[in-house]
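Spelled out, the chains give:
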Amino acid sequence: MEKSTSYILQVRPKIPARLARLDELANNLWYSWDRPTRALFARLHPGLWKATGQSPKAFLKRVDEQRLLEAAEDQVFIGNFNRVLAAYDTYHDHRLPPVGSDLLHKDDLVAYFCAEFGFHESLPIYSGGLGILAGDHCKAASDLRLPFVGVGLLYRQGYFHQTIDGDGNQIATNHDSHFEDLPITPSRRADGTEAYTSVDLPNRKLNIKIWQVQIGHITLYLLDTNLESNNVHDRDITHRLYGGDKVTRIEQEIVLGIGGVLALQELGLKPTVWHINEGHAAFLVLERVRQKMAEENMNFAAALECVAANTIFTTHTPVPAGHDHFSEGMVQAYFEHYYPEFKLSRDEFLALGRTRNSPDFNMTALAIRGTRFNNGVSRIHGDVSAKICGDMWPEIEHKENPMTYVTNGVHAPTFLATEWIEVLERQLGIEWSARMNDVEFWEGVGRIPDHLFWSVRQTLKAKMLNMVRERISAQHFRNHGSEAHLDRLLKYVSPENPNILTIGFARRFATYKRATMLFGDIDWLREILNNPERPVVFIFAGKAHPADIPGQDLIRHITHISKMPEFIGKILMVEGYDLALARKLVSGVDVWLNTPLYPLEASGTSGMKAGINGTINLSVLDGWWGESYDGKNGWAIKPVSESLSEEVRTREETRTFYELLQDHVVPLYYEHGKMGFSPSWVKMSKRSMSTIMPRFNAKRMVGEYLAKCYLPASKQHRLYRQDQCVNSHVVAEWKARIRHAWAGVALRRLDGMQKEINYGDSLRFEIAVKLNGLKPGDVTVEMLLSLFTKREKLHNSRRYRFEDTGKMTDAGENIFALDMQPEQCGKLEYRIRVYPYHEMLTHQFEMGMMRWL
């Protein structure tokens, strides 16, 4: 039989004039957090909506025109449509006063660079936590009406799709996105032509197309190398998120960092504040320095000061090995043309990315040297990062170095279930979203009637169980399972009976997250799960990176345990973890489990999403939970000493977990009152929502970045730029003088040391400082005074500054003096130090230099 040729013809429906603005709604990711907008599309054709992955743009290309014509005459649909448009127009009304941007300068613009952005499953350019966090950051910036743009890469293949076979093997498949189905449009120059830019790679030029996405008020620019003018290798640079080898990785990071700077320039955008979210985009520092030197006739040191003064770097990595690094040879191949432009030797250039313990070029080191605002993403992670990056400021104690923290938050309108929004509006008032950060206001959750609160929780649980059943059924039949066995698998996840304690664990499968800690004592677990009066179900979901074999082994191990006769139906491994499943799980399970090895959880945001929906957290006290847990809003597994082996720590923490589960979690859930539920459980669930919502939402997070980073960076930008960047030169020259002299700076005590005084007596301290050619005004001499304690010394110390007396010792040392009266009685401890001082420094210890007496 002769083969036939298949041709494709796309027939687009014509959208009726009355519904013309459906196209506008489909091209603004406002829909990613506005459920009525998504419901509007779903109502037109529920089956097609699901088949198109809830992508409004793809949906509008495929929906039958007759349905659109009928909808245009359907008064109920038109009523919903008009309500959505009214909300959309109100949100986008530029006449409304800004919430956060009024604090910034009128010309300010924040540019936020990240390797991935997760807004919604209809734009698959994210893999997990970092991307979702970046997406939430953008959404909150839009809510606050900040002058803000994002910069990322447009991957043709986002992260992989996951299936799991009958033996628990993860099968990763990648699908190319059709750009015409994504909510993106080509960026255009002022003259209306499509915008392109290019970067230099070894022996060739790489052309880049600029696309854009609208997210409420803000725009995200995405860079794409899949152009016919590029060779086959170069077209693939932006093909896959976190795919390929080191060559692909460095080229992606060059496109993101350097290409991103050039793209904004091509579009006429002039950021005054730059935010590097994780080290992937750190090369932007080099391009900005290069431009400053070329266009403003600055030397390298002054240009670096000018660039760093308004740049923020956020690290999300809790282990040194997690920071991106490239061999010196590779960096040489891609950047040797920068050496003459920077007037630096090869070694001086490579030193920008050097760390003490490795010859490689480290992106985190480059990011820190090229920025003056540095932060981790939780209080614990801030401390961990201060230690990991401590060598950047070698003479400063970790607690005082410039590495601070801004704890992550989640975008509540995206992750708070619709059912809660209705209840909050009724019970707390429609102003709940405007009072997101008001801790006292959220105590009102406690006044929601118990039966109403419980009924919402059960409704969400039933919806979650429905989706889990669908996914498990599809997985089971694809793996050639029988219907009889499926009934056993689904026995305890019935939407008709959502009264079985259900615990969720869903996240990336990395070994440090210890997904299988639950199975540390199978006999004990069997005893807990198989009590016929108080059954418990565990639902697992998540992906392991295709190259992470130990991570994939965890999935196999869970699958193996789930097939043991006593655990069938009690332990479920659901494939295809994505945003849609995540939204259902965090809002629907009773308990959210997190068992990382302390302190390797930088922040964790899934527990926040669970908490704001009234799900109760059971977690190791790491990341964000270390700040949130108050003894009444969940359960905590206290980490055992880090000095013990990982095996011993896991064993001890597993025992704590079993004890909490058996003695607290299970009994509390099944402590049914006369209404058929546990009032004590509902009380804790309410406490979870009321304490987590105001402190761990993205509006609070971006507000904190605004106060701690964006506003000071904007101020420093204007200071360092004024009068042809004269202050950048002043600071650079001053630092060079300090570095040259510092090795010879020393201090000694001149006064006799008094051991005891009466309260109210005055003391005079005199210190001789050898300044080695520096001026007295170049340094601060300081005393730290505190009550004598074995605890942290720096934290509670009062600081007293010595004054220059204008006198010198015979040895040529400058004499500094301090007259003071101690304000406390008891045994006091004091220490004396000297460090460089200049009024224009962004952080007082940014030079990393200090001498102690």
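Anything mentioned here points back to the structure above.
From a predicted model like this one, the values you see are computed outputs, not experimental measurements. (Residues numbered from 1 in each chain as written. Predicted model: local features only at pLDDT ≥ 70, side-chain atom pairs only at ≥ 80, totals over all residues. Heavy atoms only, no water.)

**A few points about the side chain of D778**
Mapped onto the elements of the fold, D778 is located in the loop between β22 (763-770) and β23 (779-787). Side-chain polar atoms of D778 contact the side chain of W734, separated by 3.0 Å. With near-sequence residues (within four places) excluded, D778 lies in contact with W734, R737, I738, Y835, P836 and Y837. (Helix = DSSP H or I, 4+ residues; strand = E, 2+ residues; numbered from the N terminus. Polar contact = N/O pair within 3.5 Å; in protein donor to acceptor, adjacent residues only side chain to side chain. Contact = heavy atoms within 4.5 Å.)

**Re the pattern of salt bridges**
This model, assessed by the stated rule, comprises 54 salt bridges. R718 is the partner of D108 in a salt bridge, and the nearest nitrogen-oxygen pair spans 3.9 Å. Highlighted residues: D108 in the loop between α6 (75-91) and β1 (110-113) and R718 in helix α29 (residues 698-742), separated in sequence by 610 residues. Residues participating in the shared-partner salt-bridge network are E305, R372, K735 and E846. (Salt bridge = Lys/Arg side-chain N within 4 Å of Asp/Glu carboxyl O.)

**Digging into the pairing of strand β16 (residues 536-541)**
Within β16, 6 of the 6 residues are buried, which leaves the element mostly enclosed by the surrounding structure. Here β16 shows two buried faces, one formed by V536, F538 and F540 and the other by V537, I539 and A541. Pairing geometry for strand β15 (residues 501-506) and β16, over 6 bridges, is parallel. Note that in β16 the partner of T502 across the bridge is V537. Handedness of the β15-helix α22 (residues 522-529)-β16 crossover: right-handed. As defined by bridge partners, β16 adjoins strand β17 (residues 571-574) across 4 bridges and the pair is classed as parallel. Across the sheet, F538 pairs through a bridge with I571, a residue of β17. After leaving β16, the chain enters helix α23 (residues 549-562) and then returns to the sheet as β17, a path that is right-handed. (Buried < 20%, exposed > 50% of the residue type's maximum accessible area, 1.4 Å probe, protein only. Pairing = 2+ DSSP bridges. Right-handed = clockwise from strand over helix to strand, strands pointing away.)

**Re the nonpolar core**
Core analysis: the biggest nonpolar cluster contains 144 residues, and L22, L25, F283, F335, F349 and Y710 have the highest contact counts within it. No other element matches the 10 residues that α29 contributes to this core. Sequence-distant contacts of L25, that is, excluding residues within four places in its chain, are made with W30, Y31, T37, L40, F41, F81, V84, L85 and Y88. With 106 residues, the next largest nonpolar core counts V493, W524, V589 and A636 among its residues. (Core = buried A, V, L, I, M, F, W, Y, C linked by side-chain atoms within 4.5 Å.)

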